[in-house]
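Report on the structure
So the chains spell out like this:
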Amino acid sequence: MRQMKLHELIIHAAEFTEILSGRKTHQLCLDDHQYQVGDVLMLFEIDEQGEMTGQEMNSQITHVLQGGSFGLAEGWCVLSLSNTTPLQGIRMIGYLRDRLQEHCDYIETQVPQLQRKGHTTTDAERAVQAGRCWVDEATHFLKKFPMAEMS
């Protein structure tokens, strides 16, 4: 029986985020590591300047399309990747979303009182608006993981 291999791969921030979110489920790369189904990619994120950001994640290879077919050049491959966002992280996103929602609700209740006292509320209103955008984004993300709402 073949043992799983761990392969290190450096990818740009935009790709890293897409894989982490589960929107991107494949990676095009040089076929220079003898990738096989069951192997794990250790993905390291780099920024626009090519500097390591410190963010990393694992993703398991579920399929390998070798070059030389389907218009893919020899020496290249497309790796299909499993969704690797751990359940604990998904639950944490749900928890933080709920706390942010509560925080936005609290700030919103304070705005009228601040206005009555003659204070400006522009910053508070912007904070609520930005917070609600993050709540919506987290909710959209969590819909992909129905098990995340279970605890």
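As the structure is a prediction and not an experimental result, all values here were calculated from the model. (Residues numbered from 1 in each chain as written. Predicted model: local features only at pLDDT ≥ 70, side-chain atom pairs only at ≥ 80, totals over all residues. Heavy atoms only, no water.)

1. A look at the overall build of the protein
Scanning the protein for helices and strands turns up three helices and five strands. The secondary structure elements of the protein, listed N-terminal to C-terminal, are β-α-β-β-β-β-α-α. Projected onto its principal axes, the C-alpha positions of the protein cover 70 × 40 × 30 Å. Evaluated residue by residue, the protein yields a buried proportion of 30% over its 151 residues. Carbon and sulfur atoms form 56% of the exposed surface of the protein, whose accessible area is close to 10,200 Å². (Helix = DSSP H or I, 4+ residues; strand = E, 2+ residues; numbered from the N terminus. Buried < 20%, exposed > 50% of the residue type's maximum accessible area, 1.4 Å probe, protein only. Areas by Shrake-Rupley, 256 points an atom, 1.4 Å probe, with all protein chains shown as cover.)

2. Section: the pattern of salt bridges
If you walk through the whole model with that rule in mind, you get seven salt bridges. We note a salt bridge from Arg99 to Glu102, for which the minimum N-O separation is 2.8 Å. Of the two residues, Arg99 and Glu102 both sit in helix α2 (residues 87-116), three residues apart, roughly one turn of that helix. Relative accessible area serves as the criterion here: at 45%, Glu102 is assigned to the partly exposed category. Here Arg132 and Asp105 are joined by a salt bridge, their closest N and O atoms 2.9 Å apart. Note that Arg132 is positioned in helix α3 (residues 122-142) and Asp105 in helix α2, a separation of 27 residues in sequence. (Salt bridge = Lys/Arg side-chain N within 4 Å of Asp/Glu carboxyl O.)

3. Some points on the sheet that holds strand β2 (residues 26-30)
Across the sheet, five strands lie side by side as β1-β3-β4-β5-β2; this open sheet has mixed pairing. Either end of the sheet is taken by a strand with one partner, and the two such strands are β1 (6-12) and β2. Strand-to-strand twist of the sheet, defined as the mean angle between neighbouring strand axes without regard to direction, takes the value 45 degrees. One ladder, built from five bridges, connects β2 with strand β5 (residues 76-81); its direction is antiparallel. Residue pairing in the sheet places Leu28 in a bridge with Val78 of β5. (Pairing = 2+ DSSP bridges. Axes fitted to C-alpha atoms, helices over the stretch in contact; angles between N-to-C directions.)

4. Considerations on the side chain of Lys24
Tracing the backbone shows Lys24 in the loop between α1 (13-21) and β2. Exposure remark for Lys24: the relative accessible area of 15% places this residue in the buried category. Reaching out from Lys24, the side chain makes a polar contact with the side chain of Glu15 at a distance of 2.6 Å. Within polar-contact distance, the side chain of Lys24 engages the side chain of Gln27 at 2.9 Å. (Polar contact = N/O pair within 3.5 Å; in protein donor to acceptor, adjacent residues only side chain to side chain.)

5. Considerations on the nonpolar core
Counting 14 residues, the largest nonpolar core has Tyr35, Leu41, Leu43, Ile61 and Leu79 as the members making the most contacts within it. The contact partners of Leu41, leaving out residues within four places of it in the chain, are His7, Leu9, Tyr35, Met57, Asn58, Ser59, Ile61, Leu79 and Leu81. Core analysis: the second largest hydrophobic core is formed by five residues, Cys104, Ile107, Ala124 and Val128 among them. (Core = buried A, V, L, I, M, F, W, Y, C linked by side-chain atoms within 4.5 Å. Contact = heavy atoms within 4.5 Å.)

6. A word on the packing of aromatic side chains
Counting across every chain of the model gives zero aromatic pairs. In this structure, Arg99 is placed above the aromatic ring of Tyr95, and the distance from its NZ or CZ to the ring centre is 4.6 Å. (Phe/Tyr/Trp six-rings, centres within 6.5 Å; stacked < 30°, edge-to-face > 60°. Lys NZ or Arg CZ within 6 Å of the ring centre and 35° of its normal.)

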